[in-house]
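Summary of the model geometry
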Amino acid sequence: MRRASGINGFNWRGPARRLWVHTHPGFSQAHEQALAELTKKLGALEEPEVTGQLIDLPEYYSWGEELTETRSQIQHRIIESVNGLKSLSAGRVVVVKNQEHHNALGVILQVSSNSTSRVFTALVLCDKPVSEDPRERGPASPDVPYPDDLVGFKLFLPEGPCDHTVAKLQPGDVAAITTKVLRLNGDKILEDFSKRQQPKFKKDPPSAAVTTAVQELLRLAQAHPTGPPTLDPVNDLQLKDVSVVEGGLRARKLKELIRGAQCVHSSRFPAQYLKLRERMQIQKEMERLRFLLSDQSLLLLPEYHQRVEVLRTLGYVDEAGTVKLAGRVACAMSSHELLLTEASTGSYSFQSSWAGGHRPRCGSASPTTYTTSLGPSWWTVSPPLLEPSSAYQRPEDSVHHCTPPQGGD
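Residues numbered from 1 in each chain as written. Predicted model: local features only at pLDDT ≥ 70, side-chain atom pairs only at ≥ 80, totals over all residues. Heavy atoms only, no water.

**Notes on the overall build of the protein**
- Of regular secondary structure, the protein possesses 13 helices and 10 strands.
- In the protein, which comprises 409 residues, the share counted as buried stands at 38%.
- Relative to all contacts within the protein whose residues are 6 or more apart in sequence, the contacts with residues 24 or more apart total 68%.
- As displayed, the protein has an accessible area near 24100 Å², and 53% of this comes from carbon and sulfur atoms. (Helix = DSSP H or I, 4+ residues; strand = E, 2+ residues; numbered from the N terminus. Buried < 20%, exposed > 50% of the residue type's maximum accessible area, 1.4 Å probe, protein only. Contact = heavy atoms within 4.5 Å. Areas by Shrake-Rupley, 256 points an atom, 1.4 Å probe, with all protein chains shown as cover.)

Here's what the structure looks like:
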């Protein structure tokens, strides 16, 4: 057993975690294997250069990651707010970011609600597909963000002819809410788009309403390549949450740091940034796996908390998590900890779950499960581990009692 220094410092988390892993054999094996593979992969990677102009490359990467995360948290607060949802009405221009679209401008056509959240139907800019087969389009080139890309949004601009699509957006797909509102007829645009999805009308040109909306979105994207002005969460949407205000201040500071970075002026920046990003992503996943293998991760599991509550109820640990005398006895057991401890201390009666309520004979080789007033125990035992005795059975009890062997039997 892992014991902290001093008797009073002995904490339950170490033994409880080992019990959890023992009763859930697949809990850590997959994580440990994945961690070993990532460790091997990390060791094979080439170290990025961080000398000369590239001296602040690690900080630049960290600033960019933090800015992205801060923006995401602020946007989540906006979407959850009443004023934020009110602003997402038909005609509002938004920045769309999901698996299909990366910072593409779109305009909301219709707002609907389902059982869990709101759904926004939007007209979104996209590239005209060159090939219907995704395998023929070739792999996308890795994106290396420069300061303008991180500080702004680096809007999607079609490389060839501009096309459009209608997408169902979840609140999390809206990366930013712009100040621009278009006057349009959302129903007409949806009707025209649905009509052109039919094989008979597939080659028909889009209606004037669709063409006007697409041209306006394209004009906005070309005029603001790093993103049009967006609604300020504090001044425009009146969000006074401390996390939003502090997040906005931190975002401004990060933008200043990113703009002053020196590494982006090096000709080796793109290649070295990709090397660093790959290494950092692997290290981040390794940290996640180490957390899942740690004692702290168990605190997030409801079943784990239920088991700890049983230990508290039995008096094995106190509210501070320190193991008491009965808990120390249980820690000394190699198996059937609670059952043997309860029997040896005489704290609880055990009820046999054998059919008909008959007590098993000591010579029986069949296993039995015992229950206490707290419910079924976690262990199934095989007699004769304990000698059954009726000497300690009270008349008002309708359960069978077990006592430890007497006189060394």
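Okay, back to it.
**A look at helix 6 (residues 186-196)**
- Three or more residues of helix 6 are buried, namely G186, I189, L190, D192, F193 and R196. Seen along its axis, helix 6 keeps its buried residues to an arc of 165°; they face one direction. Across from the buried face of helix 6, at angles greater than 90 degrees, the exposed residues are D187, K188 and E191.
- Of the surrounding secondary structure, the elements contacted by the buried residues of helix 6 are strand 2 (102-113), strand 3 (118-127), strand 4 (162-169) and helix 7 (208-223).
- For helix 6, the capping residue at the N-terminal end is N185, with a side-chain oxygen 3.2 Å from the backbone nitrogen of D187. (Arc of directions from axis to C-beta. Polar contact = N/O pair within 3.5 Å; in protein donor to acceptor, adjacent residues only side chain to side chain.)

**As for unusual backbone geometry**
- Phi at K154 is positive, roughly 45°, even though this residue is not glycine.
- Here K154 lies in the loop between helix 5 (147-151) and strand 4.
- Not every positive phi belongs to a glycine, and Q238 is a case in point at roughly 60°.
- Tracing the sequence through the fold places Q238 in the loop between helix 7 and helix 8 (242-259).

**Side note on the nonpolar core**
- Grouped together as the largest cluster of nonpolar side chains are 39 residues, with contacts concentrated most on L88, L105, L123 and L217.
- Mapped onto this core, the elements with two or more residues apiece are helix 3 (57-80), strand 1 (92-97), strand 2, strand 3, strand 4, strand 5 (174-181), helix 6 and helix 7.
- Those residues in contact with L88 that lie beyond four places of it in its chain are I79, V94, I108, V111, F120, V174 and I177.
- The next biggest cluster of nonpolar side chains, apart from the first, holds 18 residues, and it includes A251, L254, V264 and F269. (Core = buried A, V, L, I, M, F, W, Y, C linked by side-chain atoms within 4.5 Å.)

**Brief notes about helix 7**
- For helix 7, built from 16 residues, the straight-helix expectation of 22 Å at 1.5 Å per residue is met to within 8% by its first-to-last C-alpha distance of 22 Å.
- Those residues of helix 7 that fall on the buried side of the exposure criterion are V210, A213, V214, L217, L220 and A221. Down the axis of helix 7, the buried set is contained in an arc of 125°. They therefore lie on one face. Residues of helix 7 that are exposed and point more than 90 degrees away from the buried face comprise A208, T212, Q215 and Q222.
- Contacts from the buried residues of helix 7 go to strand 1, strand 2, strand 3, strand 4, strand 5 and helix 6. (Expected span 1.5 Å × (residues − 1).)

**Some points on the packing of helix 3 against helix 9 (residues 269-292)**
- Packing of helix 3 against helix 9 leaves a shortest axis separation of 10 Å and a crossing angle of 65°. Handedness of the helix 3/helix 9 crossing: right-handed. On helix 9, the residues touching L57, P58, Y60 and Y61 of helix 3 are F269, Q272, Y273, L276, R277, M280 and Q281.
- Grouping the amino acids of the contact of helix 3 with helix 9 by side-chain chemistry returns eight nonpolar, two polar and one charged. (Axes fitted to C-alpha atoms, helices over the stretch in contact; angles between N-to-C directions. Left-handed = near helix turned anticlockwise from the far one by under 90°. Nonpolar A, V, L, I, M, F, W, Y, C, P; charged D, E, K, R; others polar.)

**Side note on the pairing of strand 1**
- Most of strand 1 sits inside the fold, with five of its six residues counted as buried.
- Direction of pairing for strand 1 relative to strand 5: antiparallel, over a ladder of four bridges. Across the sheet, the residue bridging to V94 is I177, located in strand 5.
- Note: strand 1 against strand 2, five bridges, orientation antiparallel. When the bridges of strand 2 are listed, V93 appears paired with V107.
- Counting the residues in the hairpin turn of strand 1 and strand 2 gives four residues. (Pairing = 2+ DSSP bridges.)

**Quick word on the pattern of salt bridges**
- Going through the model one piece at a time under the given rule, you end up with nine salt bridges.
- Across the pair K154 and D143 runs a salt bridge, and its minimum N-O distance is 3.7 Å. Within this pair, whereas K154 is found in the loop between helix 5 and strand 4, its partner D143 is found in the loop between strand 3 and helix 5, the two being separated by 11 residues in sequence.
- Bridged by salt links that share partners, the residues D143, D149 and K154 form one connected network. (Salt bridge = Lys/Arg side-chain N within 4 Å of Asp/Glu carboxyl O.)

**Some words on the sheet that holds strand 4**
- Strand order in the open sheet made by the five strands is 4-3-2-1-5, with antiparallel pairing throughout. With one partner strand each, in any of the chains shown, strand 4 and strand 5 form the two edges of the open sheet. On average, adjacent strands in this sheet sit at an angle of 35° to one another, irrespective of strand direction.
- With eight bridges joining them, strand 3 and strand 4 adopt antiparallel strand pairing. Its bridge partner being in strand 4, L123 is matched across the sheet by V166.

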